[in-house]
Amino acid sequence: MKIRTLAWSTFGSFFHNWLILILLMVCGAVVLLMLVPLMGMKAVTSAQNAAQMQTVVLNMVSGIMTFVSAFGSLVAAWAAADSVATEMTSGTILAVMARPVRRWEFLLGKYLGTMLLMSTFVVMMFALSWLLAWIGGERIQSTPWVLLAYPLVRYAIWAAVAMALVTLLRPILTMGIVFFLSLAAWRLGSADFDEIQRVAVRNLVRVAYWVLPSTNLLSESRFLEITHASLKQTGWLEHVTTLAYGLDYALVCLLLAMWSFHYRSLKRD
Amino acid sequence: MATPAIEFHNVEKVYRRRFTGQEVTALSDVSFEVGRGEVCAFLGPNGAGKTTSISILMGFLYADSGNIRVLDYEPGDVRAKAQIGFMPENFAFYKYLTAEKLLRFHYLLGGGEPRESLNRIGDLLQQVKLTGYDQLKIGKYSRGMVQRLGLAQALLRDPQLLVLDEPTSGLDPAGRKEVRDLMFSLKAAGKTIFLSSHLLSEVEQICDRVIIIDKGKLLQSGRMEQLLGAGDRVEIVASDLPAEVEPRVADAGGTIERGPQGVRIVIATTQKRELAEQLWAAGCDVVSIIPLRSSLEDVYMKVVGGSASTKVAPSIPTAPGVSELPV
C-alpha cells in the first residue's frame, strides 16, 4: 500500500513538473514537425514514383520512431533522477521519511512511479507507430507486445541507472553521465572489437561493452522490419532471455541505488 | 517500569566534507533521556546541534557513535516511526496538492485505510482551523497556514511521540496560543512531546523538562521546576528599612525598591537570614521572604551566554561544563 501510494504520488508529480512537461512537449513538437515532410511526401506520391516515395516515407517513419525511442530513454533517466532529487532539495523527503516507510520502499515507490510515466509514454509511442505506419501506407503486422515490452525494459534500465547515480550525485551530473553512457552503449553495441589493434584497448572496450547495458540488443527494431512493418520470426526463448537480461540489469542498478540510498544522509540539500 | 520515550547516550556526530576531508563536530558526547508522557524542550542557539539531534532521532542521519533508542526501537525503525508524529522546521510540501490530498497521502503512508482517512482529515483540519481551505492548493497558503498543516500531518496517526521542530514559527500570537493550547491537550492525553523552539516563554509554560545544548555539547538537562527553582536570590518585603541597614544591603550586592506597601529588597539567598535578623532587631516588620524563581530565559542566557552565536555581552559568564539536575 505504501509503495503504491508513493508510486501514484510520483506519477502525479510528473504532471506538475515543468521540465518533464517541457521534455514531452518538445518530443511532441519534433514528431509533429517531422510529420510535415512525411505528409508532403505522401501527397506527391504518384503511380510512377510510388515505390521510390514509399521508401522515403518509410525511412522517415523509421527516423521518427528512433528519435522518440531515444528521447524516451532520456525522459526515463531524468524523471527517475528528478523524482528523488526534488524531494531532497525541497525537503519534502523529511515528512515522507518520518512515516513508517523504509528507505528501499521509498526508492521503489519512486522507481515504479517513473515506470508508470514511461508505460504511458510507451503506449503513446505504440499508438504513434501505428499512426505513422498508417500514414506511410503500411500496416504493422506484428504482435504488439514487442513494441511495448522492449522499450519499457530499456527505459527501466536507464531509470535504474539514473536512480543509482542520483543517490550519490546531483541530478545534472547524473544526466550528463547517463547521456554519455547511453551514447557509449549505443556505439559499443555496433563496434567490431577485432578491428581494434591494441590488445589493452580492445580488452578495455570489451569490458565496457559487458558493463554497459546492451541497448542495441534490447531494441525492438531487431525484430521489426520497418520497411514492411512486420515482425521477424524470433523464438520465445530469445525474447525471454533478452528481456530477462534487461530486467536483470535494471534490478542490479536498482539494488545499487537502494544500497547507496540506505547509507546516505536525508536532509534538505 | 516503562522505558524512556527517547534515550540518547554518548552520541557523537561529525560532518565530513566529501573532497576536502574537513571535519565539523555537530554532536559531542551528548546524553539525555525523555520519559514517556513528558513534554521536553530542546533548546540551544542556531547551529547548536538541535536539528542534527532530531535528524538522528528520526533516522535521517546516522550517528558516528553512541546508543540511541526511540520508543524502545532503533531510530528509523518503522515500528517506532508508526508511533511518531514529526513536524520538521520549515515544513515542506507538494505545492500542487490541496491540504486534503496531502493529508490523505500521509495518512496512507502511515498505514491507514483509505476509507477511514476522510473523517480523520476533516477533524484535524478543523482542529488546526484550516476548514474551508482544504480545497485550496498548498502553494497558495500563507506561512502560518503551512505551519498549521504541518502540525495536522504530525497529528494524523494519533502518535505517542511528537517531535516538533519550531512548531510556532510563522504563526501570529493567536495562532501561537492555539498551538500552545493544543499542546496542553496533547500533554493531558499523555503524549510525549519533544519540542525544539526559540520561544522560551512558551516553552516555560508547556514543558516539564528542558535540555540545553550548544556547539554540539549538552550544557543542561533537567526538570523545569528544578531548573527554574535553582534561583540564588530571595525577595524580602519589610515595613521599613533603617538607615544603618541600608549600606549592608548595598555591600551584599542587594537591590532596594521603596513603594507604598513597604520596602522590597532582593538579596542573595545566603544573606537572607542575617538581613531578616537585622531588620527585626531594628524593629521593622518583615512582611514576606520569597525565593525568587528564575525565568527560563534567565537560565538559558546564563547557560549559553557567552557563546558567540547568542551575541550576548562577554561579561556574562559561560556555564562551566554540563550540569545535570537531580530528577
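A few points on the structure.

Parameters at a glance
- Residues numbered from 1 in each chain as written.
- Chains lettered and ligands numbered in written order.
- Predicted model: local features only at pLDDT ≥ 70, side-chain atom pairs only at ≥ 80, totals over all residues.
- Heavy atoms only, no water.
- Helix = DSSP H or I, 4+ residues; strand = E, 2+ residues; numbered from the N terminus.
- Buried < 20%, exposed > 50% of the residue type's maximum accessible area, 1.4 Å probe, protein only.
- Contact = heavy atoms within 4.5 Å.
- Areas by Shrake-Rupley, 256 points an atom, 1.4 Å probe, with all protein chains shown as cover.
- Expected span 1.5 Å × (residues − 1).
- Buried area = accessible area lost by both parts, 1.4 Å probe.
- Salt bridge = Lys/Arg side-chain N within 4 Å of Asp/Glu carboxyl O.
- Polar contact = N/O pair within 3.5 Å; in protein donor to acceptor, adjacent residues only side chain to side chain.

## Details of the overall build of chain A
Helix and strand counts for chain A stand at nine helices and two strands. When the helices and strands of chain A are read in sequence order from the N terminus, they spell out α-α-α-α-α-α-α-α-β-β-α. Per-residue burial over chain A gives 48% buried out of 269 residues. A separation threshold of at least 6 residues defines the contact pool for chain A, and within that pool the share at least 24 residues apart is 79%. When the accessible surface of chain A is split by element, carbon and sulfur atoms take 71% of a total near 13,200 Å².

## Concerning helix H5 (residues 143-155) of chain B
Its 13 residues give H5(B) an end-to-end C-alpha distance of 19 Å, which sits within 8% of 18 Å, the value for a rise of 1.5 Å per residue. Counting buried positions along H5(B) gives 12 out of 13 residues, so the element sits mostly inside the fold. Turning to H5(B), its buried residues number three or more, namely B:Gly144, B:Met145, B:Val146, B:Gln147, B:Arg148, B:Leu149, B:Gly150, B:Leu151, B:Ala152, B:Gln153, B:Ala154 and B:Leu155. Close packing links the buried residues of H5(B) with helix H4 (92-97) of chain A together with strand E5 (84-87), helix H3 (99-109), helix H4 (114-127), strand E6 (161-165) and helix H6 (173-188) of chain B.

## A word on the interface of chain A and chain B
Each partner contributes to the interface: chain A provides 28 residues, whereas chain B provides 28 residues. When the two sides are added together, the surface that chain A and chain B hide from each other amounts to roughly 2,500 Å², 62% of it contributed by carbon and sulfur. Considering only the side of chain A, the residues that lose the most area to chain B are A:Ala98, A:Arg99 and A:Pro100, jointly responsible for 25% of the buried surface there. Where chain A meets chain B, there are zero salt bridges. At the boundary of chain A and chain B, one finds 10 residue pairs in polar contact (both at pLDDT 80 or more). Only helix H1 (2-14), helix H3 (50-90), H4 and helix H9 (236-263) of chain A provide two or more residues apiece to the side of chain A that touches chain B.

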